[in-house]
Amino acid sequence: MKFGMEFKSQMVPEWQEAYMNYDYLKTLLKDTQDFNHKNKPHHPSSPLKRTMSLYKSFSGLTSLSRRYSNLRSPKVSGEADHGDIEDQVILVTAVDNNQQNHDHHYETKFLKSSNVGAEYELVYFRRLDDEFNKVNKFYKSKVEEVMKEADLLNKQMDALIAFRIKVENPDGTNHHSVNWSVEMNELTSGVAASAAAVSLTSPRVASPATVTISALPSPTAMPHMDAISTDDSVRGGRRFTDSTSTDAVSRPASLDVLNHVTFNNTLDTPRSTIKGMLKNNEITYGRKNLHKVEQQLQQAFVELYSELRLLKSFSFLNVLAFSKIMKKYDKISSRNASKSYLHMVDNSYIGSFDGVTRLMERVEATFIKHFTNANRSKGIRILRPAAKRERHRTTFSLGFFAGCALALLAALILIVRARNILGTEGTTQYMETLFPLYSLFGFIILHMLMYGMNIYVWRRYRVNYPFIFGFKQGTELGYREVFLISSALATLALASVLANLDMQMDKNTKDFKTLTELVPLLLVLFVFAVTVCPFNIVYRSSRYFLLVCLFHCICAPFYKVVLPDFFLADQLTSQVQAIRSIEYYICYYGGGGFKSRDSSCQKSDAFKVFNFIVGSIPYLFRLFQCLRRLFEEKDAMQGYNAIKYFSTIVAVAIRAAHKLNNTTAWFTLAVLSSVISAVISTYWDIVLDWGLFQKNSKNRFLRDKLLIPQQNVYFGAIALNILLRFAWLQTVFNFKLSFLHMEAMVTIFACLEIIRRGIWNFFRLENEHLNNVGKYRAFKSVPLPFHYDENDDDKDE
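Remember, predicted model here, so these are calculated numbers, not experimental data.

A. Expanded view of the overall build of the chain. Within the chain one finds 30 helices and 6 strands. Within the chain, buried positions represent 45% of all 797 residues. Restricting the contact set of the chain to residue pairs at least 6 apart, pairs at least 24 apart contribute 75%. Only carbon and sulfur atoms are counted for the fraction: they give 59% of the accessible area of the chain, which is about 42,200 Å².

Right under this line is the structure:
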């Protein structure tokens, strides 16, 4: 694989604009190469030139070896030994934009500007500097953010350690024993000291004295039991500011830290929501709360470690990319400029700062010691989850079940035509009784197929859907797994239809009408049992994730709303007919109609009213979620979104009234409310959920950034969304076709809504992904358990 393709494939999707633009620089070098090729005279290569070429190659390898050996002890940029002044091609200088923060801006001066065609190389080095300064600045800003997070997490660990001691000794006796004292004082962080001491390797550090002073705790600061460390030499209440420092500070064991902290109430559960309303955030010492705190901090450690890994990868890939592009420049221009430039790269922040690696080691040691009981293999498995691998058995099983489903579908069509089942007298009865039962599986299978296609397209256009949904790494389902589940369910459903049909036609089993009617019910119970099965089969983690999100939707006002929750609720709004099919199951089997194949219960007024109530439940979920977000985030757009779903609920209610009172007034109100709801929903889909129709966009009627290069795809999606949004007006106008039963018409329009939702899914997540890219948001914000109030001492005084 070419380096450019490999470089692009390993980028963090949300940071892709921060990486060096390798392809663009290659095009600039291509211009230089084309110019040199046109203007360079062709002379046969002499033996002397070949000898000098071999000598230069050997010298290049030697300089490359020296360059990598200097990573451990880099020089200040500008002090590089560039050799004879006559051999220099470029001169790289560091300009201080901000002397206080030692913010360096690197500029390259091309010393061969008088040569013919030098303007191409001048442009190349100007753009190269722009790319390097962009990468270096971004890396520095992200490292500073991570160091702040590590320092904050360090304080959280102080409180956790004190919390553990308090739980083990609730009466406070013997908490100053030697064992606890050693335990607490062994937990040395040095995060701030590490950040400062490690920065000694960077050319921006002022002096070691400054580092030592900044690492010492303030005399007025509260006791700080640092946690993130790998130094096992700390004993007896002493910690070292850094492994290279000789200064030590006495750190007596203390539980006073608990006097300065309270619980952070994230309002993410019904209990925490009620406690938040009561303003009750006091700490209660118990193992249940301890377990909750440990889980939160474990998740925070995993997220911090993931950030560090991505930063390390970002640094490595970009330094490698600059090395590759400079070697390509040397090859094209027949110059030796890479040595000087890469010396500057190695001595810059991104090339010389190894604080990320050292902090990773500290995080590993702390996590293994305090969250996995010193089990290193278990700790590493949690911190570095294995990447998901495609299995051959998944592909084989997918092909097997897909083939079975297609064969069963073909068999069903042939049996229906051969026996002329549609022309018999029982066709209408079958469509009114059994068809709604089996259509439930058709809705689910179609939705899963659309979701599988969404995953395929998301992966193709590098939409980071596992991060957006918050899937645990290695547990997310790929499109093959989704297609496998849908094809297996399709096989079961079609086999049940054929079995039911065969039992009805067979003379030996025709009399067992009651038993034959139970086939769809047994299939529903089987699917439900597999979904809630606690055993580790059939993608348990994904099933659990789905059930948790569904429970959060049902209890919408009492749970903090995250993207997977409202995304699932949006999917449920497109499965209204499936939810009504479940209602019909209750009516058909609960009322005993299955014994005589009687579906008269669905013709009652009570069933019709409940039919519309059930259809409005998903919209109620979204309404409550919008109100919860309006309450928490104070975002006015969530209020407008709530109005959108409320208008849909009103339209559903008016249509229910129209069904019960078929008058002109109710019909007019039903049409008017449905049209208003459809217009509002369509506008929200296209403008807000998809982010299209932006003003002053370089892509007319769309947005500036598009993942799909063909703009016609977006216009086609807009047209389809508008058309399918208004298709549900069929429920008001009751369109009828002579060759289709009414149940078939309802099923077709329900399938069109599912297809519309599948199209909506891709562009909704594309817009979310582009928002993350615009904000360089590649990490989830993890709620921390403790809140520090460092002003308590001042208030007491």
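B. Just the packing of aromatic side chains, in detail. Going through the model one piece at a time under the given rule, you end up with 44 aromatic pairs. With 5.8 Å between their ring centres and 90° between their planes, Trp15 and Phe314 make a pair best called edge-to-face. In this pair, Trp15 sits in the loop between α1 (3-9) and α2 (22-39) while Phe314 sits in helix α9 (residues 287-333), placing the two residues 299 residues apart along the sequence. Given the relative accessible area of 0%, Trp15 is considered buried. On the basis of relative accessibility, which here comes to 0%, the residue Phe314 falls in the buried class. Where Phe301 meets Phe371, the ring centres are 5.4 Å apart and the plane angle is 55°; that geometry is what we call tilted. Pair noted here: Phe301 is in helix α9 and Phe371 is in helix α12 (residues 355-371), with a separation of 70 residues, a long-range link. The same class applies to Phe301 as to Phe371, namely buried.

C. Spatial organisation of the side chain of Arg764. Following the sequence through the fold, Arg764 ends up in helix α29 (residues 742-774). Exposure remark for Arg764: the relative accessible area of 12% places this residue in the buried category. In this view, Arg764 contacts Phe566, Asp689 and Trp690; residues no more than four positions away in its chain are not counted.

D. Spatial organisation of a positive patch on the surface. Together, Lys2, Lys26, Lys324, Lys327, Lys328 and Lys331 give the surface a local cluster of positive charge. Take the positive patch: its biggest share by element is 4 residues, from α9. Residue placement: Lys331 occurs in helix α9.

E. Main features of the packing of helix α26 (residues 664-689) against helix α27 (residues 711-725). In contact at an axis separation of 10 Å, α26 and α27 are set at 155° when each is read in the N-to-C sense. Comparing the axis directions of α26 and α27 gives the class roughly antiparallel. For the pair α26 and α27, the sense of crossing is right-handed. Here Ala678, Ser681, Thr682, Asp685 and Ile686 of α26 lie close against α27, whose contacting residues are Ile718, Asn721, Ile722 and Arg725. Considering only residue class, the contact of α26 with α27 consists of 4 nonpolar, 3 polar and 2 charged.

F. Local environment of a nonpolar patch on the surface. A cluster of nonpolar side chains, namely Phe528, Val532, Leu547, Leu550 and Ile554, defines an oily patch on the protein surface of about 420 Å² accessible area. In terms of residues, the nonpolar patch owes the most to one element, helix α21 (residues 540-554), which gives 3 residues. Within the secondary structure, Leu550 is located in helix α21.

Quick notes on the rules
- Residues numbered from 1 in each chain as written.
- Predicted model: local features only at pLDDT ≥ 70, side-chain atom pairs only at ≥ 80, totals over all residues.
- Heavy atoms only, no water.
- Helix = DSSP H or I, 4+ residues; strand = E, 2+ residues; numbered from the N terminus.
- Buried < 20%, exposed > 50% of the residue type's maximum accessible area, 1.4 Å probe, protein only.
- Contact = heavy atoms within 4.5 Å.
- Areas by Shrake-Rupley, 256 points an atom, 1.4 Å probe, with all protein chains shown as cover.
- Phe/Tyr/Trp six-rings, centres within 6.5 Å; stacked < 30°, edge-to-face > 60°.
- Patch = residues over 30% accessible without salt bridge, like charges linked within 9 Å, V, L, I, M, F, W, Y side chains within 5 Å.
- Salt bridge = Lys/Arg side-chain N within 4 Å of Asp/Glu carboxyl O.
- Lys, Arg positive; Asp, Glu negative; His and termini not counted.
- Charge placed at Lys NZ, Arg CZ, Asp CG, Glu CD.
- Axes fitted to C-alpha atoms, helices over the stretch in contact; angles between N-to-C directions.
- Parallel < 35°, antiparallel > 145°, perpendicular 65-115°, else oblique.
- Left-handed = near helix turned anticlockwise from the far one by under 90°.
- Nonpolar A, V, L, I, M, F, W, Y, C, P; charged D, E, K, R; others polar.

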